[in-house]
Amino acid sequence: MIYIHLFIEFFRIGLFSFGGGYAMIPLISNVITTNQWMSASDFTNIISIAEMTPGPIAVNTATYVGFKVGGTFGSICATTGVAMPSLLLILFISKFFFTYKEHPIMKNVFKGIRPVIAGLILSSAIIIGKSVLFEHESLSFSGFHYMTFFITLGLFTLSFLKKLHPILLILIGGVLGLVTGFIF
Amino acid sequence: MIKTYLELFRVFFKIGAFTFGGGYAMIPLIEEEIVSVKGWVEKEDMIDMLAVSQSIPGAIAINTSTLVGYKVAGKLGAIFATLGVILPSFLIISFIAMFFSKISDSNIVETIFAGISGAVIVLIFLAAVKMLKVAVKDVLSVILVVITVLVVLFTDVSPIYLIMFGGVTGVILYGVMK
């Protein structure tokens, strides 16, 4: 039964991927090829669609693969499958987390973890910046996206001058992209 | 209580609809909506929840929504928040899968996306600055930030080991310093 199969495969992906949606991509690619659900080029196409549309990469990819393999109900099965392990695990550890968070030892644990999390977010800003501004992620002038760079610089200045809601900043970014696309 | 559930669903639906580029890009939105606007979670709690989200398997976006939902309104809260964050993607992708086979070929979509990715860089950077303000209190925390950034940029070590390293360092060094 394809629906149960989709659910189980995506449940396994959700359960065994550490490090978020991007870490899932190789796992999903593997599942697709072993089950012969899709061709490699179709999968590359899915990744670019998943990146260009809002929402978690994991959900986007699961929904798309599920739909192509088993229609609307297939996409429901795959998406539920990929989200279910998180939901169950969090429900399981939440009580523990909120109960012992204030314990002196746990306080020290989190004092040590917080700088790591801040560092991870900072690194991700650098990595995403590099991949967006440079063609093929190599640091050279020939593949430098000047337009995106100036838009980024402009948005930086704007957000320093005035505190803007993230959604507004994204909309402004999209409009600036569209406008520069028409001019240049 | 039903009002809280629906509010969680609404806020996370909004977050899901405007998160471009994966879990990290969601942090600025969560921070704005959950910490600043709604006041559901304290700044320090938020960063600790992000730590938990990244230490367990699964998509960071889903983990974070589930955890915040649980914190605000228990088990049902977790379910409503998770449904909220998933639904926009589900609807948009289903629509695309039904009617298009490719969207990335269009020039217009590409230029819009170039602008949006510029905004995403700014947002993640600003979220990092906010988190640094909460996390950096002394020399040790500065060292931990520097180590993390260097390891992530120059090696393939999984973030989970860095989180474990931070936790162990915290217990040992802050425990000793007391």
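Residues numbered from 1 in each chain as written. Chains lettered and ligands numbered in written order. Predicted model: local features only at pLDDT ≥ 70, side-chain atom pairs only at ≥ 80, totals over all residues. Heavy atoms only, no water.

S.K.: Which residues make up the domain arrangement of chain B, and what are the values?
M.R.: Residues and elements named next belong to chain B. Domain annotation for chain B reports domain 1 (2-135) and domain 2 (136-178). Inter-centroid distance (C-alpha atoms) of domain 1 to domain 2 is 25 Å. Contacts between domain 1 and domain 2 engage seven residues on the former and six residues on the latter. For the pair domain 1 and domain 2, the two sides together bury roughly 540 Å², of which 54% comes from carbon and sulfur. Sorting the residues of domain 1 by area buried against domain 2 places Ser 55, Leu 132 and Ala 135 first, and these three jointly supply 60% of that buried surface. At the junction of domain 1 and domain 2, the tally comes to zero salt bridges. There are two residue pairs in polar contact (both at pLDDT 80 or more) connecting domain 1 and domain 2. Of all the secondary-structure elements, those providing two or more residues to the side of domain 1 that touches domain 2 are helix H3 (43-55) and helix H5 (107-135). A class-by-class count of the residues in the side of domain 1 that touches domain 2 yields four nonpolar, two polar and one charged. (Domains from an automatic or database assignment. Contact = heavy atoms within 4.5 Å. Buried area = accessible area lost by both parts, 1.4 Å probe. Salt bridge = Lys/Arg side-chain N within 4 Å of Asp/Glu carboxyl O. Polar contact = N/O pair within 3.5 Å; in protein donor to acceptor, adjacent residues only side chain to side chain. Helix = DSSP H or I, 4+ residues; strand = E, 2+ residues; numbered from the N terminus. Nonpolar A, V, L, I, M, F, W, Y, C, P; charged D, E, K, R; others polar.)

S.K.: Now, about the packing of aromatic side chains: what can you tell me, with residues and values included?
M.R.: Counted under the stated rule, the structure contains 15 aromatic pairs over all chains. Judged by centre distance (5.9 Å) and plane angle (35°), the rings of Phe 7 of chain A and Phe 11 of chain A are tilted. Of the two residues, Phe 7 of chain A and Phe 11 of chain A both sit in helix H1 (residues 2-16), four residues apart, roughly one turn of that helix. Taking the centre distance of 5.0 Å and the plane angle of 80° together, the rings of Phe 144 of chain A and Tyr 146 of chain A count as edge-to-face. When its relative accessible area of 43% is taken as the criterion, Tyr 146 of chain A is described as partly exposed. If you follow Lys 111 of chain A out to its NZ or CZ, it ends over the ring of Tyr 174 of chain B, 4.4 Å from the centre. (Phe/Tyr/Trp six-rings, centres within 6.5 Å; stacked < 30°, edge-to-face > 60°. Buried < 20%, exposed > 50% of the residue type's maximum accessible area, 1.4 Å probe, protein only. Lys NZ or Arg CZ within 6 Å of the ring centre and 35° of its normal.)

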